[in-house]
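Commentary on secondary and tertiary structure
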Amino acid sequence: MKRHVTRLLPLVAALALAGCASVPRNTANSCAIFAQRDGLWTDWRGDAQRASAESGVPVAVLMATIQAESNFDAHARPPRRWFLGFIPVGRISSAYGFAQALDGTWTEYQTRTGRYGDRRNNFADAIRFIGWYHAESARRLGIAKDDAYRLYLAYHSGHVGYEKGVWRGRAEALRGAKRAQDMARRYAAQLRQCRG
């Protein structure tokens, strides 16, 4: 019996990790996301609640930012650029992971927080980063921590870009901010119903 259990452990671990790497089935429902990512190795609800407690940013706003940025794809990247239509020459930016954090911004976060082991494709690390960034936006730009629309604009454009108003001419930033605002409202309503 013990030998059979020992043989099954690697398979169980591989299946569990494969489940963690996939995008949740229903990213429009925060309760469904948390139910699907509530297991032996994952606790997305707990991760989100800890990030919220640390940053003061509501869970719904943190989750809506991830939904707008990567739709909960741990390995999301921006599209590739092509030379002559078929030779890949890199990507539009270095954004990566759940939070779509740029290399430089992620390095700054690690340096300022001492979280050098954090990874952009780890949900707990990414949502903590988003909380940190939104809290910085609140401190530096005076944006309310529950204002998903403006927090997203600052997230998308960077703090300096937000101050300069560069988002005004960027349709993708405005669409993303509206999507984040709408999702934050939807997630907040859902979370009131499914708290456990």
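Residues numbered from 1 in each chain as written. Predicted model: local features only at pLDDT ≥ 70, side-chain atom pairs only at ≥ 80, totals over all residues. Heavy atoms only, no water.

Judged by nonpolar contacts, the single largest core of 47 residues is most densely connected at Phe34, Met63, Phe72, Phe123, Ile127, Phe129 and Tyr187. Contributing elements (two or more residues each) for this core: helix H2 (30-36), helix H3 (44-55), helix H4 (59-70), helix H5 (103-113), helix H6 (123-141), helix H7 (148-164) and helix H8 (171-194). Once you skip the residues sitting within four places of it in the chain, Tyr187 turns out to touch Thr27, Ala28, Asn29, Ser30, Ile33, Ala60, Met63, Ala64, Gln67 and Phe72. (Core = buried A, V, L, I, M, F, W, Y, C linked by side-chain atoms within 4.5 Å. Buried < 20%, exposed > 50% of the residue type's maximum accessible area, 1.4 Å probe, protein only. Helix = DSSP H or I, 4+ residues; strand = E, 2+ residues; numbered from the N terminus. Contact = heavy atoms within 4.5 Å.)

Bringing the packing of aromatic side chains into the picture now. Tallied over the full model, the rule gives 14 aromatic pairs. Seen from their ring centres, Tyr133 and Tyr155 are 5.3 Å apart, and the 80° between their planes marks the pair as edge-to-face. Here the residue Tyr133 occupies a position in helix H6, and Tyr155 occupies one in helix H7, the gap between them amounting to 22 residues. Here Tyr155 falls in the buried class, since its relative accessible area comes to 10%. Ring pairing ties together the aromatic residues Trp106, Tyr109, Phe129, Trp132, Tyr133 and Tyr155, which thus form one cluster. (Phe/Tyr/Trp six-rings, centres within 6.5 Å; stacked < 30°, edge-to-face > 60°.)

This part covers H6. The end-to-end C-alpha separation of H6 is 26 Å, in line with the 27 Å expected for 19 residues at 1.5 Å each. With 17 of its 19 residues buried, H6 lies for the most part within the structure. Looking one or two residues past H6, Gly142 carries a phi angle of roughly 75°, positive in sign. (Expected span 1.5 Å × (residues − 1).)

Further remarks concern the state of the cysteines. Tallied over the full model, the rule gives one disulfide. Through a disulfide, Cys31 is tied to Cys194; the S-S separation comes to 2.0 Å. The sign of the S-S torsion, about -90°, decides the handedness of the disulfide formed by Cys31 and Cys194: left-handed. With a gap of 163 residues between them, Cys31 in helix H2 and Cys194 in helix H8 connect regions that are remote in the sequence. Considered together, Cys31 and Cys194 belong to a single accessibility category, that of buried residues. (Disulfide = S-S within 2.5 Å.)

Turning our eyes to something else, we now look at the pattern of salt bridges. The final tally for this structure, using the stated rule, is 11 salt bridges. One salt bridge in this structure joins Arg128 and Asp118, with 2.9 Å as the shortest N-O distance. Here Arg128, found in helix H6, pairs with Asp118, found in the loop between H5 and H6; they are 10 residues apart in sequence, far enough to count as distant. Given the relative accessible area of 19%, Arg128 is considered buried. Note that Asp125 and Arg128 form a salt bridge whose closest N and O atoms lie 3.3 Å from each other. Here the residue Asp125 and the residue Arg128 both occupy positions in helix H6, the gap between them amounting to three residues, near one helical turn. (Salt bridge = Lys/Arg side-chain N within 4 Å of Asp/Glu carboxyl O.)

Before going further, it helps to spend a moment on the environment of Tyr149. Within the fold, Tyr149 resides in helix H7. Judged by relative accessible area, which is 22%, Tyr149 ranks as partly exposed. Considered as a pair, Tyr149 and Gln181 are 32 residues apart in the sequence and their alpha carbons are 4.9 Å apart. Here Tyr149 is in contact with Leu174, Ala177, Lys178 and Gln181, once residues within four sequence places are set aside.

On to the side chain of Arg128. Separated by 2.9 Å, the side chains of Arg128 and Asp118 make a polar contact. The contact partners of Arg128, leaving out residues within four places of it in the chain, are Ala51, Glu54, Tyr109, Arg115 and Asp118. (Polar contact = N/O pair within 3.5 Å; in protein donor to acceptor, adjacent residues only side chain to side chain.)

On average, the chain scores 84 in pLDDT, and the residues at 70 or more come to 79%. Within the chain, helix H1 (residues 2-21) has the poorest average pLDDT of any element, 45, and H6 the best, 97. The low-confidence segment residues 8-20 (pLDDT under 50) makes six contacts with residues lying over four places distant or belonging to another chain. (pLDDT = per-residue confidence, 0-100.)

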